[in-house]
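Examination of the molecular architecture
Chain by chain, the residues:
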Amino acid sequence: MTEKEVLSSRQVSNYFETRRNKRRSRDSIAYEVNWVALLLRGLRHRADRTFRIEQNYAFLVSSPNWREIFATEFAGRMADHEVCDRLMPYVEEELCDRTYNNRKGKGAQAAINQVIEDMCEVSEGYTKPSWIIKLDFKGFFPNALWDYAERCIDNIIGKNIEDEEERSYLRWLTMILIHANPAGHCELRSPRYLWAEHIAPEKSLLRKPEGVGAAIGRLIWQTAMGLYTNDEIRWLNETCSVRTVCFVDDIVMQVPECLKGYALSLIPVLRERLLSKGVRLNEKKFYCQPCVHGLEFLGSHIKPYRLHLNNKTYARALTRVDDLNGLEDKYDELDYFLSCVNSYLGLLKNRTDYKRLQRLKERISDEWWRYVEWDKQRLCVVFRDGYHRRERLNRKYRLRVKLRVESYFRDVGIPRIRDDGNYGSMDTGT
């Protein structure tokens with residue numbers, strides 16, 4: 001296969017997949033300016049095995065808690081997608097059904113639903129006493145071992161990739177991605193004093209020795225950490241017959257009252273198994289209560305027949321709305337307002353919190369309702385006619401955009417290659 005054919009068949013599709021939902025980021029825009037030449041250069045670096053993760057950056061996020069995020073340049077993100085997208089079908093086969101982490105259809109809401117289902121089944125419709133045991137990993141990402149994470153992905157490659165050349169290539173690229181050592185050469189995009197104030201030394205990759213620490217924000221690490229504790233979750237569910245749900249670093253075990261002692265006896269064994277991988281159970285975050293008392297899990301309070309949003313999350317939603325109400329130029333912040341408010345409304349409408357949803361809606365100032373309106377059917381905020389993004393751009397730049405790309409290509413009869421979704425929603429025509 002020629003270089004041109006490889007570019008069109010593999011790298012171009014990988015490029016569009018990588019920039020999905022990231023097209024407006026700074027490094028994505030910089031890459032797109034000269035993307036064909038950069039793709040060809042990346043191919044040459046892969047062919048002679050000189051590709052490296054060169055540009056990394058780190059920043060802090062404060063919501064819901066202060067956390068350190070490491071990310072990489074666009075070319076590095078493409079390499080992450082190249083490995084993960086190729087291996088994801090095999091990773092899904094390997095992962096236990098009770099592991100929820102970086103998986104389609106198995107996000108936070110799916111984990112919550114599984115816990116609710118287990119509560120009902122173990123207690124036989126809340127008619128018999130049962131117990132919930134919740135555990136937490138201490139410093140799950142910061143204490144991950146590079147060698148073991150690489151071995152997890154290497155096992156997937158060895159078992160499922162038959163072509164020798166491709167298997168060798170994926171193993172080499174995985175090694176480069178896992179051992180990139182972003183803390184050793186990165187740009188800090190948050191002030192250094194914030195690290196000292198909000199990030200404990202044991203939770204920062206900047207304080208870890210080489211060979212330890214997973215970069216939150218990298219797709220390759222999200223995939224590897226899903227495999228990291230997969231054996232232990234499978235052991236609890238299949239060998240020990242204890243209903244267990246794991247979401248990243250949170251574990252919820254549920255047993256009938258007669259098996260409470262047995263489940264507690266498994267915790268020391270689990271601790272020993274995890275220590276060999278550099279993972280510790282958090283001694284301060286241990287919960288063991290009857291099922292009827294409910295459970296705090298992933299920002300929600302789960303009780304029999306009820307599901308509420310966590311009080312801290314709801315208070316944060318009210319604070320965020322108050323901050324938005326205080327903005328002076330609301331017209332220019334419409335897109336941010338809509339995405340922010342609807343994210344919290346989405347959390348509330350999926351729980352038994354209709355009164356709270358109404359209070360949040362009433363908290364929105366009258367100035368915003370000039371540009372948006374309430375959708376009663378979907379319980380969310382939508383733009384009024386004349387204030388959609390396309391219409392605002394038309395007024396700002398005096399455009400006369402009428403047609404969408406999909407309808408234009410359909411009308412003229414030109415078949416199109418599917419794009420990343422953002423391009424397909426752009427408008428064209430005059």
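Everything below is about the structure printed above this text.
Quantities reported herein were computed from a predicted structural model and do not represent experimental measurements.

Within strand β4 (residues 130–138), 8 of the 9 residues are buried, which leaves the element mostly enclosed by the surrounding structure. In the sheet, β4 pairs with strand β9 (residues 287–290) via 4 bridges, with the strands oriented antiparallel. Along β9, the bridge assignment pairs Ile132 with Gln289.

Right, let's talk about the sheet that holds strand β10 (residues 295–297) for a bit. Hydrogen bonds between backbone atoms are what pair the strands of a sheet, whose relative direction is either parallel or antiparallel. The strand order across the open sheet formed by 3 strands is β10-β11-β12, and the pairing between neighbours is antiparallel. Edge positions in the sheet fall to β10 and β12 (306–309), since each of these pairs with one other strand and no more. Sheet twist, expressed as the mean angle between neighbouring strand axes with direction ignored, is 25°. Note: β10 against strand β11 (residues 300–303), 3 bridges, orientation antiparallel. Bridge pairing links Leu295 to Ile302 in β11.

Look at helix α5 (residues 108–122): 21 Å from first C-alpha to last across 15 residues, which is about the 21 Å you get at 1.5 Å a residue. Buried within α5 are the following residues: Ala111, Ile112, Gln114, Val115, Asp118, Met119 and Val122. For α5, the buried positions fall inside an angular range of 160° around the axis, keeping them on one side. Glu124 sits one or two positions beyond α5 and adopts a positive phi of about 55°.

The strand order across the open sheet built from 3 strands is β2-β1-β5, with neighbouring strands paired in mixed fashion. The sheet is open, and its two edges are formed by β2 (67–72) and β5 (186–188), each paired on a single side. Strand-to-strand twist in this sheet, taken as the mean axis angle between neighbours without regard to direction, amounts to 30°. Pairing of strand β1 (residues 56–61) with β5, which is carried by 3 bridges, proceeds in the parallel orientation. Paired with Ala58 across the two strands is Leu188, which belongs to β5.

A word on helix α12 (residues 311–325). Taking 1.5 Å per residue as the helical rise, α12 with its 15 residues ought to reach 21 Å, and the 21 Å between its terminal C-alpha atoms agrees with that figure. All of the buried residues in α12 are Thr313, Tyr314, Ala317, Leu318, Val321, Leu324 and Asn325. Seen from one end, α12 has its buried residues packed into an arc of 140°, which puts them on one side. Summarising the geometry of α12, the exposed residues directed more than 90 degrees from the buried face are Asn311 and Lys312. Looking at the packing, one finds that the buried side of α12 touches β12, α13 (334–349) and α14 (354–363). The backbone nitrogen of Lys312 has a side-chain oxygen 2.7 Å away, supplied by the residue at the start of α12, namely Asn310.

Conventions we followed
- Residues numbered from 1 in each chain as written.
- Predicted model: local features only at pLDDT ≥ 70, side-chain atom pairs only at ≥ 80, totals over all residues.
- Heavy atoms only, no water.
- Buried < 20%, exposed > 50% of the residue type's maximum accessible area, 1.4 Å probe, protein only.
- Helix = DSSP H or I, 4+ residues; strand = E, 2+ residues; numbered from the N terminus.
- Pairing = 2+ DSSP bridges.
- Axes fitted to C-alpha atoms, helices over the stretch in contact; angles between N-to-C directions.
- Expected span 1.5 Å × (residues − 1).
- Arc of directions from axis to C-beta.
- Contact = heavy atoms within 4.5 Å.
- Polar contact = N/O pair within 3.5 Å; in protein donor to acceptor, adjacent residues only side chain to side chain.

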